[in-house]
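What the coordinates show
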Amino acid sequence: MGLFDKIKSGLKKTKDNMVKQVETLINSFTKIDEEFFEELEETLIMSDVGVATSVKICDLLREKIRETGETDPSKIKGMMKEIITNMLAGGEELNLSTKPSIILVIGVNGVGKTTTIGKLAANLKAQGKKVILGAADTFRAAAIEQLEIWSDRAGVELIKHKEGADPAAVVFDAISAGKARGCDVIICDTAGRLHNKKNLMDELSKISRVIDREMAGCDKEILLVLDATTGQNAVTQAKQFQEAAGITGIVLTKLDGTARGGIVIAIKDELGLPVKYIGVGEQIDDLQPFSPQDFADALFDE
C-alpha cells in the first residue's frame, strides 16, 4: 500500500462521517441559501470540526460564493476542499536542521506516546538520520520497558535510568550520548500527566533548562501527542499543554479508528498549532508526515 493509500484508508471513517454528510446535504438543496449554510455549519460541528472553525469555514464559503456568483450546491465540495487545505497549510514539517537536534514528546498516558516515539525514530532513521532515544518518563513503571521494545524495533539506541530517576538527568545523559555518538536527532519521552499542571511545568522547565544549556542554538521540537478518538477533548488537552509547554506541533494518533478526523482542522485553526504527523494504523510505518493536500484529497476526492 502506497503512502497516500494508507492515509486514504486511515481517514475512511472520517470521510464516511463528515464528507458523506456534506454530500447528502448538497444533494438535498437546489440552491445555495442561508438555510443551506446553517445545515452545513451544523454538519461540520457534528464532525468535530469545532464551533468556531465550522463558522469560519462557512464564512469563507460565503465569501467565495459572493466572489464567483456560484449558485450550484454541487460546487461547494470543491470550494470546501480548497478552504480546508489552505487552513491546514503551514508549519507541518519538522525543523531539524542542526546536528544534533532534539525532539521532546509530551502527552497524557494512553494516547500512544511511546508508540509514536518508536515510529518517529524509525521514520527518521529511514531518512538516513542517526537517532537516539532518552527514556525520561521515569514515573510510569512500564514506560521505560515499552520504549526499550520500540527502540529495538526501530533499531536505534536508548538511554535510560531506573524508574523514579530524575527525568532531567536522563535528558542530560541522552544529549551527552547523542553528541558523543554523532547523532542527528535526540528524541526524549516525558511523563504523561496533566492532573497537576504545576508539577508538569516544573519538570518541563527543568528539562528545557538542561536542553538550552547543553544544546544552545540547536533546533528543538516539542511535540504533543493527541488521541484523535477523543474529539473535542483533544483541543482542550492541547490548550492546557500549550500553556505549560510551548508546543511546536501536534502528532495525532488513532485517526484510522475514529470518525472524528475533523479535529485536525479545529486544532490548526483554533490553536495555531501545526499537525506534524498522523497515525493511520498499527504498523511501524503507519505514522505519516502530515500533508494538508493529501489530507484534503483523501477526504474529498472520489
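Because the structure is predicted, anything quoted here is derived from the model rather than measured. (Residues numbered from 1 in each chain as written. Predicted model: local features only at pLDDT ≥ 70, side-chain atom pairs only at ≥ 80, totals over all residues. Heavy atoms only, no water.)

A few points about the pairing of strand β2 (residues 131-135)
- Counting buried positions over the five residues of β2 gives five, a clear majority of the element.
- Judged by which residues are buried, β2 turns out to be covered on both faces: Val131, Leu133 and Ala135 on one side and Ile132 and Gly134 on the other are all buried.
- Inspection of the sheet shows β2 paired to strand β4 (residues 185-189) by five bridges, in the parallel sense. Looking at β4, one finds that Ile132 is bridged to Ile186. (Buried < 20%, exposed > 50% of the residue type's maximum accessible area, 1.4 Å probe, protein only. Helix = DSSP H or I, 4+ residues; strand = E, 2+ residues; numbered from the N terminus. Pairing = 2+ DSSP bridges.)

With respect to the side chain of Asp219
- Relative to the assigned elements, Asp219 resides in the loop between α9 (197-214) and β5 (220-227).
- Of the polar contacts made by the side chain of Asp219, one reaches the side chain of Ser97; its length is 2.5 Å.
- Beyond its immediate stretch of four places on either side in the chain, Asp219 contacts Asn95, Leu96, Ser97, Thr98, Ser101 and Ile102. (Polar contact = N/O pair within 3.5 Å; in protein donor to acceptor, adjacent residues only side chain to side chain. Contact = heavy atoms within 4.5 Å.)

So, the packing of aromatic side chains
- Using the criterion set out here, one finds three aromatic pairs in the structure.
- Ring geometry for Phe36 and Phe37: centres 5.8 Å apart, planes at 75°, overall edge-to-face.
- Residue class for Phe36 comes out buried when judged on its relative accessible area of 0%.
- Residue class for Phe37 comes out buried when judged on its relative accessible area of 5%.
- What links up through ring pairs into an aromatic cluster is the set Phe29, Phe36 and Phe37.
- Between Arg62 and the ring centre of Phe37, over which it is positioned, the NZ or CZ distance is 4.6 Å. (Phe/Tyr/Trp six-rings, centres within 6.5 Å; stacked < 30°, edge-to-face > 60°. Lys NZ or Arg CZ within 6 Å of the ring centre and 35° of its normal.)

Remarks on helix α8 (residues 167-180)
- If you check α8, its first and last C-alpha atoms are 20 Å apart, about what 14 residues at 1.5 Å a residue would give, namely 20 Å.
- Residues Pro167, Ala168, Val170, Val171, Ala174, Ile175, Ala177 and Gly178 constitute the buried set of α8.
- One side-chain oxygen at the N-terminal end of α8 lies 3.2 Å from the backbone nitrogen of Ala168; it belongs to Asp166.
- Of the residues flanking the end of α8, it is Gly182, one or two places downstream, whose phi is positive at about 65°. (Expected span 1.5 Å × (residues − 1).)

Describing helix α3 (residues 34-46)
- Look at α3: 19 Å from first C-alpha to last across 13 residues, which is about the 18 Å you get at 1.5 Å a residue.
- Where α3 is buried, its residues meet α2 (12-27), α4 (51-68) and α5 (76-88).
- Once α3 ends, the next one or two residues include Asp48, with phi positive near 65°.

Topic: the sheet that holds strand β7 (residues 275-279)
- Reading across the sheet, the eight strands line up as β3-β2-β4-β1-β5-β6-β7-β8 and stay open at both edges, with mixed pairing between neighbours. Across the chains shown, the open sheet's two edge strands, defined by having one partner strand only, are β3 (157-159) and β8 (287-289). Pairs of neighbouring strands in the sheet enclose a mean axial angle of 25°, with direction left out of account.
- Direction of pairing for strand β6 (residues 249-253) relative to β7: parallel, over a ladder of three bridges. If you follow Val251 over to β7, its bridge partner there is Tyr277.
- Against the sheet, helix α10 (residues 232-245) makes contact with β1 (101-106), β5 and β6, and its axis sits at roughly 155° relative to β5, the strand it touches most.
- This element, helix α11 (residues 263-271), spans β5, β6 and β7 of the sheet and lies at about 170° to β6. (Axes fitted to C-alpha atoms, helices over the stretch in contact; angles between N-to-C directions.)

Description of the packing of α2 against α3
- Between α2 and α3, whose axes approach to 9 Å, the crossing angle comes to 165°. Judged by the angle between their axes, α2 and α3 are roughly antiparallel. At the point where α2 passes α3, the crossing takes the right-handed sense. On α3, the residues that touch Asn17, Met18, Gln21, Val22, Leu25 and Ile26 of α2 are Phe36, Glu39, Leu40, Thr43, Leu44 and Met46.
- Among the residues forming the contact of α2 with α3, the class breakdown is eight nonpolar, three polar and one charged. (Parallel < 35°, antiparallel > 145°, perpendicular 65-115°, else oblique. Left-handed = near helix turned anticlockwise from the far one by under 90°. Nonpolar A, V, L, I, M, F, W, Y, C, P; charged D, E, K, R; others polar.)

A short note on the side chain of Glu221
- Looking at the element boundaries, Glu221 is found in strand β5.
- Residue class for Glu221 comes out buried when judged on its relative accessible area of 3%.
- Engagement of the side chain of Glu221 in a polar contact is seen with the backbone nitrogen of Asn95, the distance being 2.6 Å.
- Residues in contact with Glu221, not counting those within four places in the same chain, are Glu93, Leu94, Asn95, Leu96, Ile102, Ile103, Leu104, Thr248 and Lys276.

Some remarks on the nonpolar core
- Counting 101 residues, the largest nonpolar core has Leu40, Ile103, Ile187 and Leu252 as its most contacted members.
- If you tally residues by element for this core, the top one is α5, at seven residues.
- Not counting chain neighbours up to four residues away, the residues in contact with Leu252 comprise Leu226, Ala228, Ile263, Val264, Ile267, Tyr277, Ile278 and Gly279. (Core = buried A, V, L, I, M, F, W, Y, C linked by side-chain atoms within 4.5 Å.)

No statement about biological role is implied by the geometric values presented.
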